[in-house]
Amino acid sequence: MKLTGSQILLSFSLFLFTSALIAQQPIKVKAKSGDGIHRILKQHQMDTEEYYHEFIRLNKTKLIKGNLLFIGRTYILPQKNANTGTNYYAIFGEKYGHVKNVDNSLQGAVYYLVSGHGGPDPGAVGKRDGHLLTEDEYAYDISLRLAVELIKQGAIVYIIVRDPDDGIRDDAFLKNDKHETVWKDKEIPLNINKKLRQRTQVVNQLYRKNRGQYQRLIVIHIDSRSKGERVDVFGYYNSKSKSGKIFTERLISALKLNYKKYQPKRLFGGITNNRDGLYMLKYTHPVTSYLELGNIQNAKDQVRFTKSENRQALAEWLAEGCISDFDQ
Ligand SMILES: [Zn+2]
């Protein structure tokens, strides 16, 4: 088969995408008898002064008092010069595909981002200025923007619901299409139970693969049920998951804090609650936060989603919440 120019370009960017992911996979080492932090760093030609603190930060839950190691446990090595690289991710599109590592504050963290609906299911549909606003496209755009913010901080991010040709878009009206897939090329079924089972299985498989690391799943929807009270954002967690509750609270309070800072006159209402009946909270294995960032059918809420600056702000603020959770 003769490759055309565009096919070559496509496989080239796919290669870049894969290699970028591999480059970010942290190296893990199993502590042997007699090992200490200094010894392990030295064995990997790492400057002990430069990386000692970083090693402790990455492995703080796995250290014995006095920063000793458990024999037989696996520890994450800090990455050398991890904050200098720029990688290209085709999934974000040409304009936003080049992502520069700015910091390592999320190094060692793994995120799964699931934007609601997709494929044959557009989710909730709103109308504005003669355009149809479909929930899945707006939730997807925010999830991509969030992914960029997390990767910038050194996190590993799996974009579970994906679209091969919609990168991050700055338009007010995002065209609806039906060819989203689930990590990586699985067709999304129409049947709601099959659809939810498919993404859950994918997340749980990846979760097993990344066992031992800090892992979080964020589900993003824009179809909160209208309430009499003025609530902007709902954050749900599984009542059996203490970490899920804390994570969700941190995401919501990051939004609250920023609204207070940038729109002090606006009263922002955010609610966190348990909602065990939700499939994505019940059957997924990572610590999960299920967010309803508003309702695409609500005229007031629509402004929050049609302006690309607002989608970007939401993504950045959620990333702040992620950092505060990982830091604790
Ligand atoms: Zn939804």
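In what follows, the structure referred to is the one given above.
Overview of the structure. Bear in mind that the values here come from a model prediction, so they are computed numbers and not experimental data. (Residues numbered from 1 in each chain as written. Predicted model: local features only at pLDDT ≥ 70, side-chain atom pairs only at ≥ 80, totals over all residues. Heavy atoms only, no water.)

1. A few points about the packing of helix H9 (residues 299-306) against helix H10 (residues 308-327)
Rules: Only the stretch in contact is used when fitting a helix axis, every axis being a line fitted to C-alpha atoms; angles between N-to-C directions are given from 0 to 180 degrees. A run of H or I in DSSP counts as a helix once it spans at least four residues, and a run of E counts as a strand once it spans at least two, with each numbered from the N terminus. Here roughly perpendicular refers to angles of 65 to 115 degrees, roughly parallel to angles under 35, roughly antiparallel to angles over 145, and oblique to all remaining angles. Only heavy atoms matter for contacts: two residues are in contact if any of them lie within 4.5 Å across the pair. Put simply, Ala, Val, Leu, Ile, Met, Phe, Trp, Tyr, Cys and Pro go in the nonpolar bin, Asp, Glu, Lys and Arg in the charged bin, and everything else, Gly too, in the polar bin.
As a packed pair, H9 and H10 sit with axes 5 Å apart at the nearest point and diverge in direction by 80 degrees. Classed by the angle they form, the pair H9 and H10 counts as roughly perpendicular. On H10, the residues that touch Val303, Arg304, Phe305 and Thr306 of H9 are Ser308, Asn310, Arg311 and Leu314. In terms of residue class, the contact of H9 with H10 is built from three nonpolar, three polar and two charged.

2. Topic: the sheet that holds strand E12 (residues 181-182)
Condition: For two strands to pair, DSSP has to find at least two bridges joining them.
The strand order across the open sheet formed by three strands is E11-E12-E13, and the pairing between neighbours is antiparallel. Edge positions in the open sheet fall to strand E11 (161-162) and strand E13 (186-187), since each of these has one partner strand only. When E12 meets E13, the two strands line up antiparallel, connected through two bridges. The residue of E13 that forms the bridge with Val182 is Lys186.

3. Focus on the pattern of salt bridges
Any two side chains of opposite charge can pair, so long as their charged atoms come close to each other. Put simply, the test is: Any Lys or Arg side-chain nitrogen found within 4 Å of a carboxyl oxygen on Asp or Glu counts as a salt bridge. Throughout this description, buried means an accessible area under 20% of the type-specific maximum (1.4 Å probe, protein chains only), exposed means over 50%, and partly exposed covers the range between.
Here the structure, examined in full by the defined rule, presents 17 salt bridges. When the shortest N-O distance is used, the salt bridge between Arg275 and Glu292 registers 3.6 Å. Taken together, the residues span a long stretch of sequence, with Arg275 in the loop between strand E16 (270-274) and helix H8 (279-282) and Glu292 in strand E17 (residues 287-292) at a distance of 17 residues. For Arg275, a relative accessible area of 25% translates into the label partly exposed. Each of Lys95, Asp141, Arg145, Asp170 and Arg311 takes part in salt bridges that share partners, so that together they form one network.

4. Digging into a nonpolar patch on the surface
Under the convention used in this document: Residues enter patches when they are more than 30% accessible in relative terms and free of salt bridges; like-charged ones are connected within 9 Å and nonpolar ones (Val, Leu, Ile, Met, Phe, Trp, Tyr) within 5 Å. What sets the accessible areas is the Shrake-Rupley method with a 1.4 Å probe; for residues, cover comes only from the shown protein chains.
On the surface, Ile64, Leu68 and Phe70 cluster together into a nonpolar patch covering about 250 Å² of accessible area. Counting through the fold element by element, Ile64 comes out in strand E2 (residues 63-64).

5. Considerations on the coordination of the zinc ion
Operational definition: Counted as donors are the N, O and S atoms within 2.8 Å of the metal, or 3.2 Å for Na, K and Ca, while water is not among the atoms, so some sites may look incomplete. In these descriptions, tetrahedral denotes four donors with every angle between 85 and 135 degrees, square planar four donors and octahedral six donors with opposite donors over 155 degrees apart and the rest between 65 and 115, and irregular any other case.
Protein ligation of the zinc ion involves His117 (NE2), Glu135 (OE), His221 (ND1) and Asp223 (OD), the donor distances falling in the range 2.0 to 2.3 Å. What the four donor atoms of the zinc ion show is an angle range of 97 to 129 degrees at the metal, which sorts the shape as tetrahedral. Summarised as a motif, the one-chain spacing of the donors to the zinc ion is H-x17-E-x85-H-x1-D. Highlighted residues: His117 in the loop between strand E7 (109-115) and strand E8 (125-128) and Glu135 in helix H5 (residues 135-152), separated in sequence by 18 residues. Taking relative accessible area as the criterion, His117 reaches 13% and is therefore assigned buried.

6. What about the sheet that holds strand E14 (residues 214-221)?
With mixed pairing, the six strands of this open sheet are ordered in space as E10-E7-E14-E17-E15-E16. Strands with a single pairing partner mark the edges of an open sheet, and in this sheet they are strand E10 (156-159) and E16. Shown here is a sheet whose adjacent strand axes are inclined to one another by a mean of 20 degrees, direction ignored. Bridge count for E7 against E14 is seven bridges, and the pairing is parallel. Following the sheet pairing, Tyr112 is matched in E14 by Leu217. Running over the sheet, H5 touches E7, E10 and E14 and is turned about 165 degrees from E7. The strands touched by H10 within the sheet are E7, E14 and E17, with E14 carrying the most contacts at an inclination of about 155 degrees.

7. Structural notes on the environment of Ile76
Inspection of the secondary structure assignment puts Ile76 in strand E4 (residues 74-76). Judged by its relative accessible area of 4%, Ile76 is buried. Each residue touching Ile76, except ones within four places of it in the same chain, is listed here: Pro26, Ile27, Lys28, Phe55, Leu58, Asn59, Lys62 and Gln213.

These figures capture arrangement, not role.
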